Amino acid sequence: MGCGHKDDKASLASSQRASFSHQPHQPGSTPASKEVWKKGGRMFSILLAVHLALLACTLVSSGAFEKIAVHDYDVFFLLTVMMLIVIVWIIFYLVGTSRCPDAIPCKDSHAGPVWLRGGLVLFAIFSLVMDVFKIGYYSSFYSCLSAIKIIYPIVQAIFVVVQTYFLWVSAKDCVHVHLNVTRCGLMLTLTTNLAVWMSAVTDESVHKAHSKLKKNVTEEIFRWLLKAGMRSGSAEECNCNSQICQVFKNGYFWLYPFNIEYSLFASAMVYVMWKNVGRFIDHHSHHIHRLKFRLFRRTFFVGIVLGLIVLVSGLGVLILYEVQVNSSTESSKKSQALTMYYIFNIVCLGLMSLVCIGGSVIYRFDKRDMDRHKNPTRTLDVALLMGAALGQYAISYYSIVAIVASTPRDAISALNLTYALLMIAQHTFQNIFIIEGLHRQPPKEDHKYDSHQKGLYGLTFVNVNAVSLRVPDGGSTLAPNPAPGTEANHPSDLVRSLTAPKKMNWRRKFLREISIFLLLSNIILWIVPAFGARPQFDNDTELNFYGDSMWPAIVDICLPFGIFYRMHAVASLLEVYIVS
């Protein structure tokens, strides 16, 4: 296996000489034809991804209905073929880059941070457990099922393992061999993850629709409705009467949210790798900040305590909601559950909105410079935050219109209206806070002192670009010589440097408290809708206003984006916490 074409090698050599020399890299030194070909390779890979995504979307959406002659095993067959091709390409990539020493001349330090890869591994583990449950479920009545339904979870488990390893070791790569093949392979990987995500969301939505329908009607009417429109699941076509079969069935449906988040996390990391194909990083301007994650240092513990209170309270609300709504047919129990759900969310969203506003005000007094370096990871984070929030915005605005236009209005409608308005406000203020934090320079590290200076007390000079100034644990009584390119400090600055830490450190502490509180709150706001508490289907206002067909379709389309927003906000807030 070679290291790429000759023109790639020539371009690599010339770019390396220009980029890694002591002179700054001039954009005009690259021939225009190379830039055009780079854009052409990207465009071809994008077109490939668009066509595959449309094909997968068509099959997945068609396979959800009985009257359309597309079956679920047709969808499984397409996804299995796509995952097998991606597995082969990943092996080709890993072997090809390992054999070519110049394949990866530089790495993007911002791409694939350890907390993001750790979250990916966590979701991968739950996805593997889901695949095991799915294999056990389909194996319980394999005699009346197509073989692809058992092959699909096996291939998916292999795909998850191979892709997780690939993203763990290669997320930071800026590859420079087989450029067009790499771009197409990464786009195929991204499209496969999105197709798996669409299939999981559709399967989960159909399952929940069947559960709601079966709870409200008799068995005979339920079977008649299935024949009239929606496709039945495998359990309706084959007998799943054993206890172990029911455990497998309920288990893999409960684990669907983890598989959904895994596919979206992997898609985001693959997109950053695609953006970094053929990219050179100028190490003279691309600063690498090695930040340590210290959760219980330099904090007041207020954010952690409040966040844990919200987290535990949300878990209690979720359990009570599931018990009172899904296990009881009394309307009074349902009203109590909805009231409890809305009150909890109103309090939680109100606190989060106020905290985000406070954090944005603190940023107004922050003296750190804005980070204006090219950063595909940050660009993608901002785009995903803004794009995923549109799903919850849509649901909230639909709810507002239905509540305002409907009569009569009761207490639950008032709570629902307040909840929808606060949901819009909280998403907006939180996006502003996170984007502000992602664009701030990290605090500069303290100077290192020699061993013979440990016993003496010293001063750290003022640096206007730093977030805060701290007096070191040990150092010299005399100021060290200023580094080349920095301004010398006058003796009058020493007094200000002693008092500055007390004035500036509080900002970092408050920003950390805000970040950790928002992080824990977003976790519970992800758990509650992801694992069953969805009042959009239990509140009659929207259902009566939009109808039994339109409103569930709106929620099924928009809610997965809202759920993904919460988990992506958690990852972004963790980065804001570490940078603060």
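Computed from a predicted model, the values in this text were never measured in an experiment.

Caption draft 1: Geometry of the overall build of the protein. Along the backbone of the protein there are 16 helices and two strands. Buried positions account for 48% of the 580 residues belonging to the protein. A fraction of 86% describes how many contacts in the protein between residues 6 or more apart in sequence connect residues 24 or more apart. Carbon and sulfur atoms form 66% of the exposed surface of the protein, whose accessible area is close to 28,100 Å².

Caption draft 2: Structural context of the packing of helix H14 (residues 411-438) against helix H16 (residues 540-579). Packing of H14 against H16 leaves a shortest axis separation of 12 Å and a crossing angle of 30°. Considered as vectors, H14 and H16 are oriented roughly parallel to each other. Note on packing geometry: the crossing formed by H14 with H16 is left-handed. Where H14 approaches H16, its residues Ser413, Asn416, Met423, Gln426, His427, Gln430, Asn431, Phe433, Ile434, Gly437 and Leu438 are matched on the opposing element by Thr541, Glu542, Tyr565, Arg566, Ala569, Ser572, Leu573, Glu575 and Val576. In terms of residue class, the contact of H14 with H16 is made up of eight nonpolar, nine polar and three charged.

Caption draft 3: The packing of aromatic side chains, seen in detail. Evaluation of the coordinates by the stated rule reveals 26 aromatic pairs. With a centroid separation of 5.3 Å and an interplanar angle of 90°, the aromatic rings of Tyr93 and Phe166 are classed as edge-to-face. Of this pair, Tyr93 sits in helix H3 (residues 72-99) while Phe166 sits in helix H5 (residues 148-170), placing them 73 residues apart in sequence. Residue Tyr93 shares its accessibility class with Phe166, and that shared class is buried. Ring pairing ties together the aromatic residues Phe123, Phe126, Phe258, Phe265 and Trp526, which thus form one cluster. It is Arg42 that lies over the ring of Trp274; its NZ or CZ is 5.4 Å from the centre.

Caption draft 4: Main features of empty space enclosed by the protein. Under the counting rule described, the total for this entry stands at seven cavities of 30 Å³ or more. One number sums up the size of the largest cavity: a volume of about 190 Å³. For the largest cavity, the lining is made up of 19 residues, of which Leu116, Ala268, Thr377, Asp381 and His568 are closest to its centre. For the lining of the largest cavity, the secondary-structure elements that each account for two or more residues are helix H4 (114-139), helix H10 (256-276), helix H13 (376-405) and H16. When grouped by side-chain class, the residues that make up the lining of the largest cavity number 13 nonpolar, four polar and two charged. Here the lining of the largest cavity spans two domains, since at least three of its residues come from each of domain 1 (37-224 + 241-279) and domain 2 (296-442 + 504-579).

Caption draft 5: Focus on unusual backbone geometry. The residue His178 is not glycine, and still its phi comes out positive at about 50°. Position of His178 relative to the elements: it lies in the loop between strand E2 (173-174) and helix H6 (179-216).

Caption draft 6: Looking closely at the side chain of Arg378. Mapping Arg378 onto the fold places it in helix H13. In this structure Arg378 comes out as buried when scored by relative accessible area, which is 8%. Arg378 has contacts with Asp371, Arg372, His373, Leu438 and His439, leaving out every residue within four places of it along the chain.

Caption draft 7: Representation of H10 within the structure. Taking 1.5 Å per residue as the helical rise, H10 with its 21 residues ought to reach 30 Å, and the 31 Å between its terminal C-alpha atoms agrees with that figure. For H10, the buried fraction is high: 19 of the 21 residues fall into the buried class. Positive backbone phi, at 75°, marks Gly278, one or two positions downstream of H10.

Caption draft 8: The arrangement of the pattern of salt bridges in detail. Overall, the coordinates contain two salt bridges when judged by the stated rule. Taking the shortest distance from any N to any O, the salt bridge between Arg364 and Glu436 comes out at 2.7 Å. Separated by 72 residues along the polypeptide, Arg364 in helix H12 (residues 331-364) and Glu436 in helix H14 bring together distant segments of the chain.

Caption draft 9: Up close: a nonpolar patch on the surface. Among the surface-exposed residues, Leu354, Ile357, Val361, Phe365, Phe429 and Ile432 lie close enough to one another that they form a single nonpolar patch of about 530 Å² accessible area. Those elements giving two or more residues to the nonpolar patch turn out to be H12 and H14. For the nonpolar patch, the element with the highest residue contribution is H12, accounting for three residues. Within the fold, Val361 resides in helix H12. You can call Val361 partly exposed: its relative accessible area is 44%.

Caption draft 10: Examining the packing of H10 against H16 more closely. Where H10 meets H16, the closest approach of the two axes is 11 Å, and the angle between their N-to-C directions is 60°. On the basis of their axis angle, the class for H10 and H16 is oblique. Considering only the axes of H10 and H16, their crossing is right-handed. Counting all contacts with H10, which are made through Glu261, Leu264 and Phe265, the residues of H16 involved are Ile563, Phe564, Met567 and Ala571. Per-class residue counts for the contact of H10 with H16 are six nonpolar, no polar and one charged.

Caption draft 11: Local environment of the nonpolar core. Core analysis: the biggest nonpolar cluster contains 132 residues, and Phe433 and Trp526 have the highest contact counts within it. Residues from two domains meet in this core; each of domain 1 (37-224 + 241-279) and domain 2 (296-442 + 504-579) gives at least three. Contacts of Trp526, omitting those with residues within four sequence positions, involve Phe123, Pro257, Phe258, Glu261, Phe531, Ile563, Arg566 and Met567.

Caption draft 12: Summary view of the confidence of the model for the protein. Across the protein, the average pLDDT comes to 76, with 72% of residues at 70 or higher. Confidence, read as mean pLDDT per element, is least for helix H1 (residues 6-19) in the protein (43) and greatest for H5 (93). Taken together, the stretch residues 217-236 has pLDDT below 50 and engages in 44 contacts with residues farther than four places along the chain or on a different chain. The model gives residues 285-291 a pLDDT under 50, and that stretch makes 18 contacts with residues more than four places away or in other chains.

Caption draft 13: Representation of the environment of Leu84. Positionally, Leu84 belongs in helix H3. On the basis of relative accessible area, Leu84 is assigned to the partly exposed category, the value being 41%. With 74 residues separating them in the primary sequence, Leu84 and Ile158 have C-alpha atoms 9.1 Å apart.

Rules of the game
Residues numbered from 1 in each chain as written. Predicted model: local features only at pLDDT ≥ 70, side-chain atom pairs only at ≥ 80, totals over all residues. Heavy atoms only, no water. Helix = DSSP H or I, 4+ residues; strand = E, 2+ residues; numbered from the N terminus. Buried < 20%, exposed > 50% of the residue type's maximum accessible area, 1.4 Å probe, protein only. Contact = heavy atoms within 4.5 Å. Areas by Shrake-Rupley, 256 points an atom, 1.4 Å probe, with all protein chains shown as cover. Axes fitted to C-alpha atoms, helices over the stretch in contact; angles between N-to-C directions. Parallel < 35°, antiparallel > 145°, perpendicular 65-115°, else oblique. Left-handed = near helix turned anticlockwise from the far one by under 90°. Nonpolar A, V, L, I, M, F, W, Y, C, P; charged D, E, K, R; others polar. Phe/Tyr/Trp six-rings, centres within 6.5 Å; stacked < 30°, edge-to-face > 60°. Lys NZ or Arg CZ within 6 Å of the ring centre and 35° of its normal. 1 Å grid on protein atoms, 1.4 Å probe; cavity = no way out; pocket = protein on both sides within 12 Å on 5 of 7 lines; lining within 4 Å. Points joined across faces, edges and corners; volume = space filled by probe spheres on them. Domains from an automatic or database assignment. Expected span 1.5 Å × (residues − 1). Salt bridge = Lys/Arg side-chain N within 4 Å of Asp/Glu carboxyl O. Patch = residues over 30% accessible without salt bridge, like charges linked within 9 Å, V, L, I, M, F, W, Y side chains within 5 Å. Core = buried A, V, L, I, M, F, W, Y, C linked by side-chain atoms within 4.5 Å. pLDDT = per-residue confidence, 0-100.

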